[in-house]
Structures are given as C-alpha cells and as structure tokens.
Amino acid sequence: IILTETAFDGALVRGERLRKAIEDASFEFAQSGIGLKVTVSVGISSLRPEHKRADEIVREADQAMYAAKGGGRNRVCTRADIEAAKTGTEDSQKR
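Residues numbered from 1 in each chain as written. Predicted model: local features only at pLDDT ≥ 70, side-chain atom pairs only at ≥ 80, totals over all residues. Heavy atoms only, no water.

**Some words on the overall build of the chain**
Alright, step 1. Each helix and strand in the chain was counted, giving three helices and four strands.
Alright, step 2. The N-to-C order of helical and strand elements in the chain reads α-β-β-β-α-β-α.
Alright, step 3. Its C-alpha atoms put the chain at 50 × 30 × 20 Å along the principal axes.
Alright, step 4. Taking all 95 residues of the chain together, 27% fall into the buried category.
Alright, step 5. A sequence separation of at least 24 residues applies to 38% of the contacts in the chain between residues at least 6 apart.
Alright, step 6. Within the structure as shown, the chain displays about 6,800 Å² of accessible surface, and the carbon and sulfur contribution to it stands at 53%. (Helix = DSSP H or I, 4+ residues; strand = E, 2+ residues; numbered from the N terminus. Buried < 20%, exposed > 50% of the residue type's maximum accessible area, 1.4 Å probe, protein only. Contact = heavy atoms within 4.5 Å. Areas by Shrake-Rupley, 256 points an atom, 1.4 Å probe, with all protein chains shown as cover.)

Here it is as structure tokens:
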C-alpha cells in the first residue's frame, strides 16, 4: 500500500491498525465452516533524500516486510528494524 501525503509516523499508525484489524478478523470457509486465523507482516518505508528512484523506496519497504516475517511475523517493521537485524541488535526505536 502506498500512502501519499502521509508522514512516516502516520504510516506506522496505519500499518499497525491494518495489522491489528487482520489479526482480529475471523475468516471462515463457507462450505466447511472451518475458521482460519490470518496475520500480516507489514514493511514501512518513507521517501528520503538518498532515494534516487521510486523502486528504492519499494525495495526498502519489502526488506522491512521480510524483517517483520523474520522477527516473528504479525509485526510492523521499518528501516530501523532492517538495520537492527543486520547488526543483531533489538533497538528499533530509531525508525
């Protein structure tokens, strides 16, 4: 999802709302009645001066999504989480 005219912190809030809504939703197969629990891993990126092409911001969001999956899934991650994963630190407050 690309959010235009949305600040980084707003994207984090929306990503977390989306993650929580999916986590709380109940999905059921109509014919069998079997329920299914679904979660989502979300990667957040925002445009920065070092991004020279549009695909760079998409690539960074994709890497953050994989960091969310690698960190236990059902999470919202950012560039700070990618860097923390590379260095082996847990500090992802530098979003």
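Next, the rest of the story.
**Quick notes on the nonpolar core**
Alright, step 1. Listed in full, the six residues of the largest apolar core are Phe8, Ala11, Leu12, Val42, Ile44 and Val76.
Alright, step 2. Per element, the largest residue contribution to this core is three residues, and it comes from helix H1 (residues 8-24).
Alright, step 3. Those residues in contact with Val42 that lie beyond four places of it in its chain are Gly15, Ala64, Met65, Ala68, Arg75, Val76 and Cys77.
Alright, step 4. By size, the runner-up hydrophobic cluster in this structure holds five residues, among which are Ala67, Ala68, Cys77 and Ile82. (Core = buried A, V, L, I, M, F, W, Y, C linked by side-chain atoms within 4.5 Å.)

**A short note on the pattern of salt bridges**
Alright, step 1. Tallying each qualifying case throughout the model produces nine salt bridges.
Alright, step 2. Between Glu23 and Lys20 there is a salt bridge, with its nearest N and O atoms 3.6 Å apart. Taken together, the positions of Glu23 and Lys20, both in helix H1 and three residues apart, correspond to about one turn of that helix.
Alright, step 3. The class for Lys20 is partly exposed, based on a relative accessible area of 38%.
Alright, step 4. For Arg79, the salt bridge is made with Glu83, and the minimal N-O distance between the two is 3.2 Å. Of this pair, Arg79 and Glu83 both sit in helix H3 (residues 79-87), four residues apart, which is roughly one turn of that helix.
Alright, step 5. On the basis of relative accessibility, which here comes to 33%, the residue Glu83 falls in the partly exposed class.
Alright, step 6. Salt bridges here are not isolated pairs; linked through shared partners, they connect Glu16, Arg19, Lys20, Glu23 and Asp24. (Salt bridge = Lys/Arg side-chain N within 4 Å of Asp/Glu carboxyl O.)

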